[in-house]
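Here are the chains, one letter per residue:
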Amino acid sequence: MQGQSQQQAYDRGITIFSPDGRLYQVEYAREAVKRGTASVGIRTPAGVVLAADRQVDSSLMEPSSVEKIHKADDHVGIASAGHVADARRLVDLARRRAQGEQLRYGQTIGVETLTRAVTDHIQEYTQTGGARPFGVALLVGGVEDGEPRLLETDPSGTDYEWQAAAIGSNRDVIQGFLEERYRPDLDLDGGLELALSALSEPEDDPVNAGDVDVATIGTDDETFRSVPEDRLESILAEIDGDESDE
Amino acid sequence: MQGQSQQQAYDRGITIFSPDGRLYQVEYAREAVKRGTASVGIRTPAGVVLAADRQVDSSLMEPSSVEKIHKADDHVGIASAGHVADARRLVDLARRRAQGEQLRYGQTIGVETLTRAVTDHIQEYTQTGGARPFGVALLVGGVEDGEPRLLETDPSGTDYEWQAAAIGSNRDVIQGFLEERYRPDLDLDGGLELALSALSEPEDDPVNAGDVDVATIGTDDETFRSVPEDRLESILAEIDGDESDE
Amino acid sequence: MQGQSQQQAYDRGITIFSPDGRLYQVEYAREAVKRGTASVGIRTPAGVVLAADRQVDSSLMEPSSVEKIHKADDHVGIASAGHVADARRLVDLARRRAQGEQLRYGQTIGVETLTRAVTDHIQEYTQTGGARPFGVALLVGGVEDGEPRLLETDPSGTDYEWQAAAIGSNRDVIQGFLEERYRPDLDLDGGLELALSALSEPEDDPVNAGDVDVATIGTDDETFRSVPEDRLESILAEIDGDESDE
Amino acid sequence: MQGQSQQQAYDRGITIFSPDGRLYQVEYAREAVKRGTASVGIRTPAGVVLAADRQVDSSLMEPSSVEKIHKADDHVGIASAGHVADARRLVDLARRRAQGEQLRYGQTIGVETLTRAVTDHIQEYTQTGGARPFGVALLVGGVEDGEPRLLETDPSGTDYEWQAAAIGSNRDVIQGFLEERYRPDLDLDGGLELALSALSEPEDDPVNAGDVDVATIGTDDETFRSVPEDRLESILAEIDGDESDE
Amino acid sequence: MQGQSQQQAYDRGITIFSPDGRLYQVEYAREAVKRGTASVGIRTPAGVVLAADRQVDSSLMEPSSVEKIHKADDHVGIASAGHVADARRLVDLARRRAQGEQLRYGQTIGVETLTRAVTDHIQEYTQTGGARPFGVALLVGGVEDGEPRLLETDPSGTDYEWQAAAIGSNRDVIQGFLEERYRPDLDLDGGLELALSALSEPEDDPVNAGDVDVATIGTDDETFRSVPEDRLESILAEIDGDESDE
Amino acid sequence: MQGQSQQQAYDRGITIFSPDGRLYQVEYAREAVKRGTASVGIRTPAGVVLAADRQVDSSLMEPSSVEKIHKADDHVGIASAGHVADARRLVDLARRRAQGEQLRYGQTIGVETLTRAVTDHIQEYTQTGGARPFGVALLVGGVEDGEPRLLETDPSGTDYEWQAAAIGSNRDVIQGFLEERYRPDLDLDGGLELALSALSEPEDDPVNAGDVDVATIGTDDETFRSVPEDRLESILAEIDGDESDE
Amino acid sequence: MQGQSQQQAYDRGITIFSPDGRLYQVEYAREAVKRGTASVGIRTPAGVVLAADRQVDSSLMEPSSVEKIHKADDHVGIASAGHVADARRLVDLARRRAQGEQLRYGQTIGVETLTRAVTDHIQEYTQTGGARPFGVALLVGGVEDGEPRLLETDPSGTDYEWQAAAIGSNRDVIQGFLEERYRPDLDLDGGLELALSALSEPEDDPVNAGDVDVATIGTDDETFRSVPEDRLESILAEIDGDESDE
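Scoring rules and cut-offs
Residues numbered from 1 in each chain as written. Chains lettered and ligands numbered in written order. Predicted model: local features only at pLDDT ≥ 70, side-chain atom pairs only at ≥ 80, totals over all residues. Heavy atoms only, no water. UniProt positions renumbered as here; feature names shortened; annotations may be inferred. Axes fitted to C-alpha atoms, helices over the stretch in contact; angles between N-to-C directions. Helix = DSSP H or I, 4+ residues; strand = E, 2+ residues; numbered from the N terminus. Left-handed = near helix turned anticlockwise from the far one by under 90°. Contact = heavy atoms within 4.5 Å. Nonpolar A, V, L, I, M, F, W, Y, C, P; charged D, E, K, R; others polar. Phe/Tyr/Trp six-rings, centres within 6.5 Å; stacked < 30°, edge-to-face > 60°. Buried < 20%, exposed > 50% of the residue type's maximum accessible area, 1.4 Å probe, protein only. Patch = residues over 30% accessible without salt bridge, like charges linked within 9 Å, V, L, I, M, F, W, Y side chains within 5 Å. Areas by Shrake-Rupley, 256 points an atom, 1.4 Å probe, with all protein chains shown as cover. Salt bridge = Lys/Arg side-chain N within 4 Å of Asp/Glu carboxyl O. Lys, Arg positive; Asp, Glu negative; His and termini not counted. Charge placed at Lys NZ, Arg CZ, Asp CG, Glu CD. Expected span 1.5 Å × (residues − 1). pLDDT = per-residue confidence, 0-100.

As named in an unreviewed UniProt entry, chain A is Proteasome subunit alpha, taken from Natronorubrum halalkaliphilum. In its Subcellular location (unreviewed entry) section, the UniProt entry covering chain A states "Cytoplasm".

Here it is, written out as structure tokens:
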């Protein structure tokens, strides 16, 4: 895709400003995010839905080992896109941070506080020499004081709050689909349906239940729950039916 | 905008002097500030007004999460322009510094003292190898001993005090507008009106109330207050009326 | 195979992102894995089989010293492909981690927990400057709570779980063979036969019993056992017979 | 002023000798000094005068915030030219050093001792790798044992003592003017007049009282005193009168 | 042998992967081994023989000071080829390790355990930046639990076990000779004869007794013994007779 | 004097050997010494004379602040040539070392011991990466056990003992003059005369008493004494007379 | 002798392997040794002779300050060739090591043990990044258990034992001369004569007694003794006579 000499040029360097004020290493890390499979997050009054494509290269690979949705705490889940091992490190950081809050203050950590701990860590890796940025974006979903929250972290260390958001490959297509279809009064089932439809959009064909990783954090029990494959299949069947109806 | 070979050249390096005595990394960091959306600060006898444009890429993004005006202490607010994650780190530094003053000496930190703590930190990142400068400018506004103060920090670690100032994209246009319209005897409402007019100037069209983040720190209660959207809408309506009158 | 000037270019550098979001040092480390002899892992309900080719350059070399299958704990084995000395360091890490678990908590470490300790270590070497990534892939097989587990680590620090997997030279050919022949209801003997057949596939000729290193971890006694050469010979004889039958 | 490729070459490097025995980074730091607005110091038997131009970019900027004359201790003032944030760091160092002397030994620090503490710090930044030199020159004026002293520090870490000296932009013109006009028997008023005349010389037009920062340290009370703007105005009026007389 | 510009290119760099997964610095260190004079090791049921060529540049040099066979412990000897000073450091490491085992656990260190301590150290120097690999290969021979052992270490940090092995210059010729002539039932005298014949092979002429360094570690007393020059002479005379007979 | 591209090449690097065994950074540091004004030292049976040119750029500069002769201890003086701030650091090191000897052992430090402490420090800066060599040469003169001593340090960290020596600009001319005129039986006055004549030699015209810095350390009182300007004037007058006589 | 661009290339770099397995920085350090004046060592049954040329640039330099033969301990002397300041550091290391042995164990250090302490230090500087090798060779001569010993250290950290050896400029000519003339049954006077003849060989003319530094360590009193100039003169006269006789 690129010439040999260009590859070589980027085998060395640190994160500094270009003459037009850009941080190229951060921008290249964003490209690493785009190379990862897509994840989406949907915030509904009844809770947050996180859903992710998982690329399984071989029929002999355990899909469950291609973890794209991680439980950070009882009430917080994290979906990732990009460099898998980088994601795991940030998720581990989030888990330790959540446990620390529990241990030190005896209380559940807020979704935004938790996200900031992660983005502070990401930012440091964009400023201090001798390390590359994290090549991963995260969607952090959870319930805080009864309110559903959905935040995104990017490789610059910035965080954004969303009603519905997509990260990873085909982000623009999926985000466009979400903007068109999202309604603020969705229930959790509606959120699940929208999430799966969104992931199906780029290929214009429903994803397979076995190829997605989906979880919800409801406002009722404030608990992270993986959605089982049979549940996903029935939703996907419904979507397919709806599509046929159109 | 620039050729591939120039990008590569700036992927490496540290902050050193050029033959004509310039620090290019600091100058490029100033370009990063110009790439950020604009913020303005207005000092009036009745207090300080901080106002900032916020760029929201998608209708599904929570505008409130694109934070451009930060409360640093009860009596101090900070508006930023440039690299968002860098701004957050400096704001966090300011908050910890303000809390420390309270804890150690039982007193409220001065606006200038607080700004200097921030600019000292910025300067160090321009001199010590292995790190890039901060790609952000801040407007620090507050009340100190009953007096309104408005200071700016730039990526070199210099601070300036202003009656009214703009940072970020279209800085020159907005600052020119402020120089023309600013009157030292403005009241807070006049300050709010001037701030919103200034942000509207580059596009020659009033900004939307939902696209700006505005706060005041009045001399009366010396308290940071976000200005609610409906208040912004009525001021903008008034500006529009005034414009039509002209 | 490559020109002099290209070699020189890669004698220097650290692990950073390329403009298209790739980490070339990690990708080159994957090439180092492909330069190593092949290893395969087979998970059956009765336990896990690990088998590895060992390249012996001279009739005077002790084949046993070309260690490709390592015992990490009583219930966990590790097969490697790639840079031999790098593999030994990661195996040592795994052993210390397993012993530590036993010493601190008086319990046997989980296969996945053990693998994660290894992949966390691998990931750090892809992000921190001044060190190269590990040029090795591992297959970690073991029994955890009575269940057989088979995980792979790659040079990026990612781990995957498999029913059956191949690493090292001719990986694609061998993995294709496994996908075709693997049955989830294999017994350990069937697993051994499949493993040896898979390693024989690239050359289309049965491997010699003396040129492979094979071990099993059965669910019955949860114990790592090297398979003796005479046992391998009788299995290979059977494979040869089966092949002739076809 | 210079080509793109030259800029890039100086975005990297450390302070080392050139073949003709020069330290280019130190020489470039001297260029940074020349880019700053001018400061002058005048030593008279009655005390020391420090005066500095201050460049105010906008009518809305508080001139007082463009600090060019700093009080280092009750009896010592420092005028600076060059990189503003670097100057602040050195002034802070001087202040801490003066306070330390007071705290530890209960005595006022000598002007030369104080200057040496600063130049030692400057020298270290020219020899140790990983940092750039300080891009600033200082004029340190004060009273020591009843005697007025005026010292200069340059970016190499050298100090010089002067009867009258200029630093910053147009140094050569101003220093020439001082050499022509300086008389050792000036009183403080004469010193003030000479200082303001010298700053006015390059433009051949009296400076504005609002555009200069002036302070004196008299031998009578050994105390740093800022000169108020009205006093400056009357002196400037007198200069103007004298000029007209010629 | 090589151009000036190529030399210069290799005066800088660290140990990283090339695009085809190779570690050039390690491969160049292997070239340093080939530049050293040859050493051979022979394992017989009665013990291990280590023999090494020593290059003496001048008739005035003490041959004994060109140490190629080192006693690591009472029961372990080490022959080296390559960078002499690097060899000494690894031999010192082995000695300290052997003494430590004795002091801490009151027992004799195993030959393999000792070799692994050395190869772990070698591997670290191939992965951590800021250091070059060790430019030396070792043959570690000894007796462990009554069994003779012969291991090799290479500059990558890999170890191999051998019946008979050669390292250093002309390795391929000598190893070929060993593969042809080695018999597993050799007695120590047969081993000595084979070792000296092997070192004589490249020149096709018996080596001089004064130009070789030879030691044995027998299974009977498990003790490192240097072979005196007169003993070597009588063996060489015998070889010469045998050669003549052919 | 040199092209732009050559300057740039020397803005980066560390002190390493060239192919012909030279340390260029040390040689360039010697050039820095030559760029400094000249100093001479004369050893006579009655004591040591140190004399130095001082370059005063402006009539308003205090000549005494261009310090070229430093008192290191009561019985030791140091003359310097080259980078002024580097000289001050080495002189400070010498002073601390002399004081330490007094404090720890209650005795006066030897001239050679003191010089070695300085040259050891200089040598370290030529071998350890990340720092440049010291760009200064020193003449260390003093009395030790009643004997006058005169030593030189150079930027490589070597020291030499002299009867009479010159450092700095025009060294070769001045040293030639000293070799021609020096007599071992000079008294202190003769030494002073020779020192001033030597400094006058390059311009072929007596130096001004105000432009030289001169000190003696006599064997009688073993005490460093600055020579006052009037004394210098009378000596210079005598030299002038002698010259006229010729 | 070499072009400008080649010099520049060697102003940067660390000690790493070239493709043909060489360490260029070490080889360049050997060139630095060749640039130094010659030293020779002669071992006789009656003791060791060390002799060194000393280059005195000026008649005013104290020859004794150009120290080429150093006393390391009562029974050990060291002659050096190459970078003078590097030699002093290694000699200091040897002295501290010898004193430490005395203090800790109350015994005299062995000549070989002492040499190894030095070569270990030298080797480290060839492997660890950020420092250059030592540009010096040493001849370490002494008496150990009544036996005379003569060892050489080179810049790679290797040591060799000699009957007679030369280091520094014209090494090949002098070593050839020694090989021709050395007899193992020399007495100390014979050794002194041979040493001085050897140093005279390159110029084919006897050296001056004042231009050489000579010492002996006899087996009788095991004590380092400098040979006085008159003794040298009478030996040189004898050599001259012998030469004339031929």
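So, next bit.
A.B. asks: Whenever I open this one, the packing of helix 5 (residues 171–181) of chain E against helix 6 (residues 188–200) of chain E confuses me. Can you help?
C.D. replies: Helix packing for two helices is described by the angle between their axes and how far apart those axes are. Residues and elements named next belong to chain E. Running from amino to carboxyl end, helix 5 crosses helix 6 at an angle of 145°, the nearest separation of the two axes being 9 Å. In this structure, helix 5 crosses over helix 6, and the sense of that crossing is right-handed. Taking contact as the criterion, the partners of Ile174, Phe177, Leu178 and Arg181 in helix 5 are, on helix 6, Leu194, Ser197 and Ala198. Across the contact of helix 5 with helix 6, the residue classes break down as five nonpolar, one polar and one charged.

A.B. asks: How do you make sense of the packing of aromatic side chains when you look at a structure like this?
C.D. replies: Centre distance and the angle of the planes are the two values used to describe a pair of aromatic rings. Applying the stated criterion across every chain yields a total of 14 aromatic pairs over all chains. A centroid spacing of 4.8 Å and a plane angle of 65° characterise the contact between Tyr125 of chain A and Phe134 of chain A, whose relative ring orientation is edge-to-face. We classify Tyr125 of chain A as buried; its relative accessible area is 18%. Note on Tyr24 of chain C and Tyr28 of chain C: the rings are 5.8 Å apart at their centroids and 35° apart in plane angle, and the pair reads as tilted. Of this pair, Tyr24 of chain C and Tyr28 of chain C both sit in helix 2 (residues 24–34), four residues apart, which is roughly one turn of that helix. The pair formed by Tyr24 of chain C and Tyr28 of chain C is uniform in burial state, with each residue classed as buried.

A.B. asks: Can you walk me through a negative patch on the surface in this structure?
C.D. replies: A cluster of acidic residues, Glu180, Glu201, Glu203, Asp204, Asp205, Glu238, Asp240 and Asp242 of chain C, forms a negative patch at the surface. For Asp205 of chain C, the location among the structural elements is in the loop between helix 6 (188–200) and strand 9 (212–218).

A.B. asks: Where do I start with the environment of Phe134 of chain D in this structure?
C.D. replies: With respect to the helices and strands, Phe134 of chain D occurs in the loop between helix 4 (111–127) and strand 5 (136–144). When the C-alpha atoms of Phe134 of chain D and His121 of chain D are compared, they prove to be 9.4 Å apart, with 13 residues separating the residues in sequence.

A.B. asks: What is the right way to read helix 6 (residues 188–200) of chain D from this model?
C.D. replies: The periodicity of an α-helix, 3.6 residues per turn, causes residues three or four positions apart to be oriented the same way. Residues and elements named next belong to chain D. With 13 residues, helix 6 should cover 18 Å at 1.5 Å per step; its first-to-last C-alpha distance of 18 Å lies within 8% of that length. When you tally the buried positions in helix 6, you get 10 out of 13 residues, the bulk of the element. Within the span of helix 6, buried status applies to Gly190, Gly191, Leu192, Leu194, Ala195, Leu196, Ser197, Ala198, Leu199 and Ser200.

A.B. asks: How should I be thinking about unusual backbone geometry in this particular structure?
C.D. replies: Leave glycine aside and you will find that most residues have negative phi; peptide bonds, for their part, are mostly trans. The backbone of Asp145 of chain C sits at a positive phi, close to 50°, despite the residue not being glycine. By secondary structure assignment, the location of Asp145 of chain C is in the loop between strand 5 (136–144) and strand 6 (147–153). For Asp145 of chain C, a relative accessible area of 76% gives the class exposed. Even without being a glycine, Asn170 of chain G presents a positive backbone phi close to 60°. Examined against the element boundaries, Asn170 of chain G turns out to sit in the loop between strand 8 (164–167) and helix 5 (171–181). With a relative accessible area of 39%, Asn170 of chain G lands in the partly exposed category.

A.B. asks: How should I be thinking about the confidence of the model for chain A in this particular structure?
C.D. replies: In low-pLDDT segments, the atomic positions of the prediction should not be examined closely. Residues and elements named next belong to chain A. Averaged over all residues, the pLDDT of chain A is 89; the fraction at 70 or higher stands at 91%. Taken element by element, the predicted model of chain A shows its lowest mean pLDDT in helix 1 (residues 4–9) (40) and its highest in strand 1 (residues 39–44) (98). Across residues 1–13, where pLDDT falls below 50, the model places 40 contacts with residues more than four positions away in sequence or in other chains. With a pTM of 0.86, the predicted complex shows an ipTM of 0.85.

A.B. asks: Is there a simple way to explain the side chain of Thr153 of chain D in this structure?
C.D. replies: You can see Thr153 of chain D is positioned in strand 6 (residues 147–153). When residues no more than four places from it in sequence are discounted, the contact partners of Thr153 of chain D are Thr115, Val118, Thr119, Ile122, Ala137, Leu138, Val140 and Thr158 of chain D.

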